[in-house]
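# Structural characterization, general
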Amino acid sequence: MSKHDHHPTNATIESQYEEYVMPIWKSLDVPLERATGCTVQDFDGNEYLDVFSGIAVTNAGHRNERVVEAAKDQLDEFVHGCSYVHPNQPVADLAERLSEVTPGDLQKSFFCNSGTEAVEGAIKLARKYTGSKEVLAVEMGFHGRTLGSLALTGNRAYKAGMAPTINDVAHIQPPYGYRCQSCDGGPCTNACATNVERVIDSHTAGDLAAIVVEPVMGEGGIIVPPQGWLAELEAVAHEHDALLIADEVQSGYGRTGSFWAVDHFEAEPDIVTQAKGIANGLPLGAFTASAEVADTFQAGDHLSTFGGNPVACAAALATIAELEDGLIDNAADQGAWLAERLDELEARFDVVGETRGLGLMQGVELVDTSETGPQGVGPAPDSTLAKHVSRNLRERGIVMGVGGFHTNVMRIQPPLSISRTQLERAIDGLEAAIEAER
Ligand SMILES: Cc1ncc(COP(=O)(O)O)c(C=O)c1O
């Protein structure tokens with residue numbers, strides 16, 4: 001304990017943060033002393049049901065025993081050797097596992113420490129392989145906050161005061177029928193994917209290295225594309241001799257009820273980026289490509305001092321085993337039940353504009369029906385209601401995320417180990433909170 005020689009409280013932690021941590025933390029609202037499974041506990045002894053997993057990270061549950069054991073065992077061997085200087089077993093084993101679990105012929109991995117690094121590394125690889133430089137990404141998408149991936153992130157709010165980012169990035173429309181003029185607020189008709197060539201013609205020099213997409217968009221508001229969307233982008237990428245990069249940082253590792261979100265669609269990405277759920281909370285990122293693509297990287301082309309930390313890689317191996325031993329199936333089962341319950345909320349409340357998602361990656365879009373939304377499509381997003389619902393839920397002992405391009409989407413992304421009883425408690429709580437705050 002620092003200067004405080006008493007047991008910390010929420011207030012003491014907050015005051016230390018206030019004084020010593022750069023002031024971006026205010027959005028966090030439950031100081032964390034301890035966490036187990038789907039439960040987090042603050043410094044004042046309050047327990048919360050966690051249906052946000054520290055932004056979709058602790059997929060195998062907080063302090064999953066098998067993962068903790070694997071990490072401890074590795075801690076007893078060695079903690080660091082730089083995985084690109086000292087080849088070691090956890091990296092070798094994890095790379096081999098990833099070649100087995102990733103889609104298609106993806107075979108070789110690079111390990112880093114975070115999602116944003118995975119995205120940037122994947123772009124470097126795509127540029128090196130194709131010899132081209134431009135990148136297409138999706139409006140409202142999110143790929144990270146370092147300057148390279150920030151360029152792909154399709155939301156000005158993250159860039160204000162920080163530009164310029166990297167050049168040569170253009171954006172296509174998201175498959176967000178609910179707020180799309182072409183789809184008139186109805187289900188996505190894939191107009192966005194069929195317009196990609198137009199964007200390439202008018203916003204690029206035709207020197208395309210990659211199309212980077214989230215197969216299910218997370219930060220943008222849990223947006224699930226229709227069948228055909230990803231396949232269309234894959235076809236366009238390949239017509240331009242470019243690569244399709246699936247950013248599975250948030251949607252991967254069982255989150256959507258299958259290992260990868262791309263498993264739900266008929267498309268095969270050329271590179272898959274990973275982080276968040278990969279090591280159940282230990283910092284690790286990765287991107288995986290076919291041998292042909294991966295082998296364009298030569299020694300020295302890319303490196304990370306901490307990347308592929310052996311403790312994190314050991315944790316990742318245990319995480320994958322846990323996911324395959326029932327957690328992905330649980331995500332699919334609970335997710336199907338959850339989607340039905342959320343449909344009931346949509347039918348019951350005017351303020352619930354749309355509910356959507358796959359598996360345990362579900363969103364509830366809150367709206368104000370007395371006003372019209374952006375570009376005259378649908379009802380206005382209601383971020384104030386989302387804030388109130390979130391606070392109300394916290395008072396009921398439930399941590400639920402808020403996100404979306406307009407900050408009006410409740411995000412239900414619990415550990416994949418969540419039980420039906422816990423999920424029922426979360427959704428009953430959400431229903432009561434909406435009832436109270438609308
Ligand atoms: C799809 C996606 N890509 C990349 C990132 C960036 O990951 P990180 O915060 O680990 O850099 C995120 C984080 O939310 C994400 O959701």
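Keep in mind that what you see is a predicted model, and the values were worked out from it rather than measured.

Sheets are built from strands that pair by backbone hydrogen bonding, the pairs being arranged parallel or antiparallel. Taken in spatial order, the seven strands of this open sheet run E4-E10-E9-E8-E7-E5-E6, and their pairing is mixed. This sheet does not close on itself; its edge strands, each paired only once, are strand E4 (106-112) and strand E6 (169-172). Ignoring which end each strand starts from, the neighbouring axes of this sheet average 20° apart. Here helix H9 (residues 229-239) sits on the sheet in contact with strand E5 (134-138), E6, strand E7 (208-213) and strand E8 (243-247), set at roughly 170° to E7.

We now examine the domain arrangement of the protein. One can read the domain layout of the protein as domain 1 (10-63 + 326-437) and domain 2 (65-323). Measuring from the centre of the C-alpha atoms in domain 1 to the corresponding centre in domain 2 gives 24 Å. Taken together, the contacts link 44 residues of domain 1 with 39 residues of domain 2. Counting each side, the surface lost to burial between domain 1 and domain 2 is near 3200 Å², with a carbon and sulfur contribution of 57%. When the buried area of domain 1 at its contact with domain 2 is split by residue, Ile 328, Met 361 and Phe 405 rank highest and sum to 23% of it.

The ligand sits among Ser 114, Gly 115, Thr 116, Phe 142, His 143, Gly 144, Glu 214, Glu 219, Asp 247, Val 249, Gln 250 and Lys 276. With respect to the ligand, the side chain of Gln 250 contributes an N or O atom lying 2.8 Å from an oxygen atom. In isolation the ligand has 390 Å² of accessible area, and contact with the protein removes 83% of it.

What follows is about the sheet that holds strand E14 (residues 398-399). One open sheet holds the four strands; their spatial order is E1-E2-E3-E14, and the pairing between them is mixed. With one partner strand each, in any of the chains shown, strand E1 (34-36) and E14 form the two edges of the open sheet. As paired strands, strand E2 (residues 39-41) and strand E3 (residues 47-50) are joined by three bridges and run antiparallel to one another. Across the sheet, residue Val 40 finds its bridge partner in E3, namely Tyr 48.

Cut-offs used in this document
- Residues numbered from 1 in each chain as written.
- Predicted model: local features only at pLDDT ≥ 70, side-chain atom pairs only at ≥ 80, totals over all residues.
- Heavy atoms only, no water.
- Pairing = 2+ DSSP bridges.
- Helix = DSSP H or I, 4+ residues; strand = E, 2+ residues; numbered from the N terminus.
- Axes fitted to C-alpha atoms, helices over the stretch in contact; angles between N-to-C directions.
- Contact = heavy atoms within 4.5 Å.
- Domains from an automatic or database assignment.
- Buried area = accessible area lost by both parts, 1.4 Å probe.
- Near = heavy atom within 4 Å.
- Polar contact = N/O pair within 3.5 Å; in protein donor to acceptor, adjacent residues only side chain to side chain.
- Areas by Shrake-Rupley, 256 points an atom, 1.4 Å probe, with all protein chains shown as cover.

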